[in-house]
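# Summary of structural features
What follows is the residue order along each chain.
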Amino acid sequence: MKAFYLLNFCLLIFLNTPHAQQGLRVVNNQSFKRGEKLTYKVHYGFIDAVEATIEITEENKSFKNRNTLHVVGIGKSKGTFDYFFKVRDRYESYIDEQYLVPWYFGRRVDEGGFKIAQDYYFDHYNNKVEIKKSSFLDIVNNTQDMISGFYLARTFDLSNAKMNQTFKVPTVVDGEMYDLQIKFKGKEKVKTKWGYINCLKFVPVLQKGRIFKHEEDLIVWISDDKNHVPIKAKADILFGSIKLDLIDFKGLYNPMLIYKK
């Protein structure tokens, strides 16, 4: 089981290639800020399996003389699930504060003894990323990693998205360029522990046969406000089902719009 896999898709689904203009572009960000922290509970079937957090730390570090936002995502198995399938995942990205592209991406995965260690150093001036020592991958303009794409996309105006409109996302995944394809599936009101939140609904088009039965077995609901926070997700996979729910948030740039009905 890839316990953090579902959250990864939530972090990627917003990107829209019409925004990928030539060269680096300054992004007007009024959607997130340092100190924001989102906490999710991942359910595997009826089991509360993993708690996942994604946080913009207070750190202000420079890469290539550029100010960055340091984002850290943590996934950790909980309760009895921890005894038979231990999960200890850490993802981090240093994202240019103005351009909202990554300069560094790190990934440390430990899931039931399956381990991954990745360190990617991006050179957006020359459209390359170092994926291993002295091993480089050619990338397109404004390529994202598994974390940075989520934050860039949260700044986009999605009010004109059309039903079944498909978008492609240029992202580096596991040392390769990958175009994630997503479809907009309308708007829904989602019930949460705080009340109801108006959401945008998206379905990534997945590679069936690996862990998914069909190409549209993952659904993600995003808050329909300026924050664009993932609220809920669910996936049918070859060996069961996974659900993800937002259980806590703090430090949002804008108030979360919550309704009683």
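Take the overall build of the protein chain next. A count of helical and extended segments in the protein chain gives three helices and 15 strands. The burial tally for the protein chain puts 52% of its 261 residues in the buried class. Across the protein chain, every contact between residues at least 6 apart in sequence was considered, and the portion connecting residues at least 24 apart equals 56%. Surface exposure of the protein chain reaches about 12,700 Å², of which carbon and sulfur atoms provide 47%.

With glycine set apart, most residues show a phi of negative sign, and most peptide bonds adopt trans. For Asn127, which is not a glycine, the phi torsion comes out positive at approximately 55°. Residue Asn127 is classed as partly exposed on the basis of its relative accessible area, which comes to 21%.

A separate point is the side chain of Gln144. Among the structural elements, Gln144 can be located in the loop between β9 (135-138) and α3 (148-153). What makes Gln144 buried here is its relative accessible area of 0%. Among the polar contacts made by the side chain of Gln144, one reaches the main-chain carbonyl oxygen of Leu100 at a distance of 3.5 Å.

On the surface, Ile47, Tyr83 and Phe84 cluster together into a nonpolar patch covering about 400 Å² of accessible area. In this fold, Ile47 is placed in strand β2 (residues 47-56). Judged by its relative accessible area of 34%, Ile47 falls in the partly exposed class.

As a further point, take the pattern of salt bridges. Under the criterion given, the structure shown has eleven salt bridges. The partner of Glu36 in a salt bridge is Arg154, and the shortest N-O contact between them spans 2.7 Å. With Glu36 in the loop between α1 (5-12) and β1 (37-44) and Arg154 in the loop between α3 and β10 (166-173), this residue pair connects regions lying 118 residues apart in the sequence. An identical accessibility class is assigned to Glu36 and Arg154; each is buried. A salt bridge links Arg108 to Asp119; its shortest N-O distance comes to 2.8 Å. Of the two residues, Arg108 sits in strand β6 (residues 102-111) while Asp119 sits in strand β7 (residues 114-123), which places them eleven residues apart along the sequence. The partly exposed category is assigned to Asp119, whose relative accessible area is 25%.

Regular strands have side chains that alternate between both faces of the sheet. For β1 and β2, the ladder comprises eight bridges, and the chain directions are antiparallel. Note that in β2 the partner of Leu38 across the bridge is Ile54. In sequence, β1 turns back onto β2 through a hairpin of two residues, with Gly45 there showing a positive phi of about 65°.

The next point concerns the nonpolar core. Counting 61 residues, the largest nonpolar core has Leu38, Tyr40, Ile54, Val129, Tyr151, Val229 and Ile231 as its most contacted members. Ignoring sequence-local partners within four residues, the contact set of Ile231 consists of Val190, Thr192, Ile197, Cys199, Trp221, Ile222, Ser223, Leu244, Asp245, Leu246 and Met256.

Attention now goes to the packing of aromatic side chains. Per the stated rule, a full pass over the model turns up 14 aromatic pairs. Between the aromatic rings of Phe63 and Tyr104, the centroid separation amounts to 6.4 Å while the plane-to-plane angle is 15°, which identifies the pairing as stacked. One end of the pair, Phe63, is in strand β3 (residues 62-63); the other, Tyr104, is in strand β6, and 41 residues separate them in sequence. The same class applies to Phe63 as to Tyr104, namely buried. Judged by centre distance (5.0 Å) and plane angle (70°), the rings of Phe81 and Phe84 are edge-to-face. Here Phe81 pairs with Phe84, and both are found in helix α2 (residues 81-84), just three residues apart, close to one helical turn. Relative accessible area serves as the criterion here: at 54%, Phe84 is assigned to the exposed category. Connected via pairs of aromatic rings, a cluster forms that spans Tyr44, Phe81, Phe84 and Phe85. Sitting over the ring of Tyr94, Lys61 keeps its end group 5.2 Å from the ring centre.

Scoring rules and cut-offs
Residues numbered from 1 in each chain as written. Predicted model: local features only at pLDDT ≥ 70, side-chain atom pairs only at ≥ 80, totals over all residues. Heavy atoms only, no water. Helix = DSSP H or I, 4+ residues; strand = E, 2+ residues; numbered from the N terminus. Buried < 20%, exposed > 50% of the residue type's maximum accessible area, 1.4 Å probe, protein only. Contact = heavy atoms within 4.5 Å. Areas by Shrake-Rupley, 256 points an atom, 1.4 Å probe, with all protein chains shown as cover. Polar contact = N/O pair within 3.5 Å; in protein donor to acceptor, adjacent residues only side chain to side chain. Patch = residues over 30% accessible without salt bridge, like charges linked within 9 Å, V, L, I, M, F, W, Y side chains within 5 Å. Salt bridge = Lys/Arg side-chain N within 4 Å of Asp/Glu carboxyl O. Pairing = 2+ DSSP bridges. Core = buried A, V, L, I, M, F, W, Y, C linked by side-chain atoms within 4.5 Å. Phe/Tyr/Trp six-rings, centres within 6.5 Å; stacked < 30°, edge-to-face > 60°. Lys NZ or Arg CZ within 6 Å of the ring centre and 35° of its normal.

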